[in-house]
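# Structural description and commentary
Next come the chains, spelled out residue by residue.
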Amino acid sequence: MSSTTDNDNRPGFAVTTTALAVVVFLQIPVIVVVLAAFSTTSYLTIPPRGLTLAWFGKVLTDPTYLAAIRISLLLACGSTVISLVLGVAAAYALFRRALPGSEAITSVLMAPLILPAVVIGVALLQYYSLTGLRGSLFGLLMAHVVITVPYIVRSALASLAGLDLAVEEAARVLGANGFDAFRLVTLPLIQPGLVAGALFAFITSLDNVPVTIFLIGANQTTLPVLIFSSVEMGIDPSVAAVSTLLIVATGIILLIADRRAGFHRFV
Amino acid sequence: MIASRHGLMLIAPLMLVLAAFFLLPVVMMLPTSFREYAPGAGLVPGVWTTENYARIVTDDYYREVIWRTMGLGLFVTLACLLLGYPLAFLIARGPERWRVPLILLVIFPMMLNLVVRSFGWIALLANRGLVNNLLIQLGLISTPLKLMFNLTGLMIGLTHIYLPFMVLMLVAAIRNVPRHVEAAAATLGSSRLHVFTAVTLPLSAPGILAGSILVFVLTISALVTPRMLGGPTYKVMATLIYDEFMQLLDWPSGSALSFALTAMAIGVIWLSSRLTRRWAGMA
């Protein structure tokens, strides 16, 4: 293939300019929120009238925000760990074809992704009201497991699919029992994909409003639900400040994940 | 091969959790959707009715909300396709060293909290928001444009939120188009535009379909952005369901609407999988 035909497939000036404009469009609300968080005025102006860190101080000393941050992190960590254990076990069974009807089972495991989140939310609202789980942390945790586990199963299945079964068999021949062979051989091999899946699950839990909002109790709310209801009351720069903290945290997690696991390859 | 007994032990915990906290709750909503609700009194005992479903197709207000939801899904999908394709093309075919930074700039807003992103759009689009202030300062308009609590606001916000999904689907599809087929067309005298319309575009069609279905289904299911940018009055199906359950406490009606929304989402996915199978059959 000659280099001229290669160049013919390259994006031209018009495409490149449009594409870069779209990338800017994607970042605009992020930039606006960060600028608002440092602004001295309670409404937004561009350029900001003055810079202050006061809103961050207000957020980080506000017990309501701190409690919401704690519950959000608890739910995200808890549901990711539970989903990892349940999801990897299930994916491994499917991969080893230890069960009949594995395709049907896979679609059941993926169903929470297809159903609109608001439908899962109201279904659990009625169910929890009947069983007395409404407002309980356990109920919230299980709801978050349901919405995060498909991501784990999907990434585990994808990672396992690229695996050579012979490696694990070799470990078995050399005397490892089934669990050791999985733990010492298979698990390290699928680890990068699992890290990406776990990260996706973590962020999905941390992000969730449409299921959580129906299930929270009177005295416990998650951070996104708190921001959601504060915005309905009216815009306040402390919302921008807490949002900025989330933006920075997301950015750092994303960069670390990309360094460690080559995250961009798994999306 | 490991024994079925072991397989069952590995998969049973997850299946039990999904049965108890997903399947059963959804199935239990079915009887509720056939009950009658009396305002202030709750469910009328012993009465079963199909009225909640009938109202969805006959009531003018419900019909308006459903058409609005579908229209929004269609518009947002088209917008994502038009904005997403050039970016996906640049990522797939542009300079190698741009690829990872560009992908990260696409993933970053996608990973970012939905509430935070919608909040950013409120700050931009509100009556005294940045866009209106800027236009007034420049003397282009004298009264603020209405950019929120209407179709415009929802279009902008939802397009921004689901664009990354479309881009990632399209990148994968464009990468799968064999370069040598494009090169062959070019060698045979096709112009760049013709190579694109006759080779690249049709060969990336499966990705276009998959991305469109994903964006359409996500858009018609969206609750947070429509609620934040549409306010309490400009409703779509998901926000209507929210209000039926949380404000009006009319659970039967909300349950029927939930099943209608689910049927729309699953219907679209089913149609597209049939379409894909037919395409695969032709190839």
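Residues numbered from 1 in each chain as written. Chains lettered and ligands numbered in written order. Predicted model: local features only at pLDDT ≥ 70, side-chain atom pairs only at ≥ 80, totals over all residues.

### A word on the overall build of chain B
Applicable threshold: Strands are runs of DSSP state E lasting at least two residues, helices are runs of H or I lasting at least four, and both sets are numbered from the N terminus onward. It is over C-alpha atoms that the radius of gyration is taken, and the globule rule equals 2.2 Å times the number of residues to the power 0.38. In this scheme every C-beta is placed from the backbone, and a residue whose C-beta has 20 or more other C-beta atoms within 10 Å is buried, one with 12 or fewer is exposed, and one in between is partly exposed. Note on contacts: residues are paired as contacts if their backbone-placed C-beta atoms lie within 7 Å.
Per the secondary structure count, chain B includes 13 helices and 2 strands. Taking 2.2 N^0.38 as the reference for a compact globule, 283 residues should give roughly 19 Å; the C-alpha atoms of chain B span a radius of gyration of 24 Å, well beyond that estimate. Within the span of chain B, comprising 283 residues, buried residues form 45% of the whole. Across chain B, every contact between residues at least 6 apart in sequence was considered, and the portion connecting residues at least 24 apart equals 70%.

### So, the pairing of strand β2 (residues 42-48) of chain B
In the case of a regular strand, side chains alternate between the two sheet surfaces. All names here are of chain B. For the record, the criterion: Criterion used throughout: strands pair if DSSP finds at least two bridges between them.
β2 sits mainly on the outside: 0 of its 7 residues count as buried. Relative to β2, strand β1 (residues 35-38) runs antiparallel, the two being bridged by 3 bridges. Bridge pairing in β2 places Ala38 opposite Gly42. Where β1 folds back onto β2 in an antiparallel hairpin, the turn is made up of 3 residues, including Gly40, whose phi is positive at roughly 90 degrees.

### Some details on helix α1 (residues 4-32) of chain B
Applicable threshold: In this analysis the local bend is the angle between axes fitted, respectively, to the seven residues ending at and the seven residues starting at the residue.
In α1(B), a bend of some 45 degrees at B:Ala19 exceeds every other bend along the element. For α1(B), the complete set of buried residues consists of B:Gly7, B:Leu10, B:Ile11, B:Leu14, B:Leu18, B:Phe21, B:Phe22, B:Pro25, B:Val26, B:Met29 and B:Thr32.

### Focus: the domain arrangement of chain A
One frequently used descriptor of interface size is the decrease in accessible area upon assembly of the parts. All names here are of chain A. For the record, the criterion: For every domain, the bounds stem from an assignment made automatically or drawn from a database.
Along its sequence, chain A is carved into domain 1 (12-52) and domain 2 (63-265). For domain 1 versus domain 2, the distance between C-alpha centres works out to 30 Å. Counting from both sides, the interface comprises 7 residues of domain 1 and, opposite them, 7 residues of domain 2.

### Overview of the packing of helix α4 (residues 63-95) of chain A against helix α9 (residues 178-207) of chain A
All names here are of chain A. Selection rule: All axes here are fitted lines through C-alpha atoms, helices being fitted over the stretch that makes contact, and every angle between N-to-C directions spans 0 to 180 degrees. Angle categories: roughly parallel below 35 degrees, roughly antiparallel above 145, roughly perpendicular from 65 to 115, and oblique for all the rest. With the far helix as reference, a near helix turned anticlockwise by less than a right angle produces a left-handed crossing, and one turned clockwise produces a right-handed crossing. The residue classification treats Ala, Val, Leu, Ile, Met, Phe, Trp, Tyr, Cys and Pro as nonpolar and Asp, Glu, Lys and Arg as charged. All others, Gly included, are polar.
Interhelical geometry of α4 versus α9 gives an angle of 140 degrees and a closest axis separation of 8 Å. In terms of orientation, α4 lies oblique with respect to α9. The two elements α4 and α9 cross, and the hand of that crossing is right-handed. Here α4 contributes Ser72, Leu75, Ala76, Ser79, Thr80, Ser83, Leu84 and Val88 to the contact with α9, which in turn contributes Leu194, Ala198, Ala201, Phe202, Ser205 and Leu206. The class makeup of the residues in the contact of α4 with α9 is 9 nonpolar, 5 polar and no charged.

### Examining the interface of chain B and chain A
With 79 residues of chain B at the contact, the number on the chain A side is 75 residues. It is α1(B) that provides the largest number of residues to the side of chain B that touches chain A, a total of 18 residues. Looking at side-chain class alone, the side of chain B that touches chain A contains 59 nonpolar, 14 polar and 6 charged residues.

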